[in-house]
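# Summary of structural features
Here is what each chain is made of, one letter per residue.
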Amino acid sequence: MAEPDFSHEEKEGVLIQDITDWDGDPDQTDEFESEWIDRAQASGITGAVTEFGDDILVDDETKDHFAEIWGDAADDVNIKRLALVAPGITSRAIGANIDSNVVDIRSFSDVDKAFNWASDI
């Protein structure tokens, strides 16, 4: 199965990740997770925003992936804030499965509000 389309943009010290094409399959994350880690470790990046699409399925396998991988990845880079953007309660479902010791993680339904929060360090 092909990797989903994704993009990363750096703006005012915030890494913005668009993975709206990802359906939640943990087997399709290697490329965008690796690039996110590389870019989030860059000097000057203090916040991050990840935008999920309407079609993401947050099943047990995806929740386990968030719990095992995303919290550790956030702790291993230089960011202080991670904003998760998804429709409805999906962002809260994702955020509830990411545990970080050093990064403040919040859920949003609006990408502009998420960016403003993530950049306000």
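Right above here is the structure, for reference.
Residues numbered from 1 in each chain as written. Predicted model: local features only at pLDDT ≥ 70, side-chain atom pairs only at ≥ 80, totals over all residues. Heavy atoms only, no water.

## With respect to the pairing of strand β3 (residues 47–52)
The cut-off we apply is this: Burial classification: accessible surface area is computed with a 1.4 Å probe over protein chains only, and a residue below 20% of its type maximum counts as buried, one above 50% as exposed, and the rest as partly exposed. Per the convention used, a helix needs a DSSP run of H or I reaching at least four residues, while a strand needs a run of E reaching at least two, with both numbered from the N terminus. Strands pair, by our definition, only if DSSP identifies at least two bridges between them. Classification remark: right-handed applies to a crossover when, strands pointing away from the viewer, the course from the first strand over the helix to the second runs clockwise.
Burial analysis of β3 places five of its six residues in the buried class, the great majority of the element. Bridge count for strand β2 (residues 14–19) against β3 is six bridges, and the pairing is parallel. When the bridges of β3 are listed, V14 appears paired with G47. The β-α-β motif built from β2, the intervening helix α1 (residues 30–40) and the parallel element β3 has right-handed crossover chirality. In terms of strand pairing, β3 meets strand β4 (residues 81–85) through five bridges, oriented parallel. Bridging from a neighbouring strand, T50 pairs with L84 of β4. In this fold, the crossover linking β3 to β4 by way of helix α2 (residues 60–76) has right-handed handedness.

## Points about helix α4 (residues 111–119)
In plain terms, the rule: The directions from the helix axis to the C-beta atoms form the arc being described. Only heavy atoms matter for contacts: two residues are in contact if any of them lie within 4.5 Å across the pair.
Every buried residue of α4 is accounted for by A114, F115, W117 and A118. Buried residues of α4, seen end-on, are gathered within an arc of 165° and therefore sit on one face of the element. Of the exposed residues in α4, those oriented more than 90 degrees away from the buried face are D112 and K113. On its buried side, α4 packs onto β1 (7–11), β2, β3, β4 and β5 (104–108).

## Describing the sheet that holds β1
Test applied: The axes are straight lines fitted to the C-alpha atoms, using for helices just the contacting stretch, and the angles between their N-to-C directions are given from 0 to 180°.
What the five strands build is an open sheet, ordered β1-β2-β3-β4-β5; its pairing is mixed. Since the sheet does not close on itself, it has two edges, and those belong to β1 and β5, each with one partner. Between one strand axis and the next, the sheet turns through 15° on average, direction left out of account. Lying on the sheet, α1 is in contact with β1, β2 and β3; it crosses β2 at an angle near 170°.

## Regarding the side chain of Q17
Inspection of the secondary structure puts Q17 in strand β2. Of the residues examined, Q17 reaches a relative accessible area of 2% and is grouped as buried. Residues within four places of Q17 in sequence aside, it is in contact with S7, H8, F32, W36, V49, T50, E51 and W70.

## A few points about the pattern of salt bridges
What counts here: Put simply, a salt bridge is a Lys or Arg side-chain nitrogen that is within 4 Å of an Asp or Glu carboxyl oxygen.
Tallying each qualifying case throughout the model produces three salt bridges. The shortest N-O distance in the salt bridge between E10 and R39 comes to 3.3 Å. A residue pair is termed long-range when its members are at least 10 positions apart, and E10 in strand β1 and R39 in helix α1 qualify at 29 residues. Note that R39 is salt-bridged to E35, the shortest N-O span being 3.3 Å. Taken together, the residues R39 and E35, both in helix α1 and four residues apart, mark about one turn of the helix. With relative accessibility at 26%, the residue R39 sits in the partly exposed group. Looking at E35, the relative accessible area reads 28%, which means it is partly exposed.

Keep in mind these numbers describe shape, not what the thing actually does.
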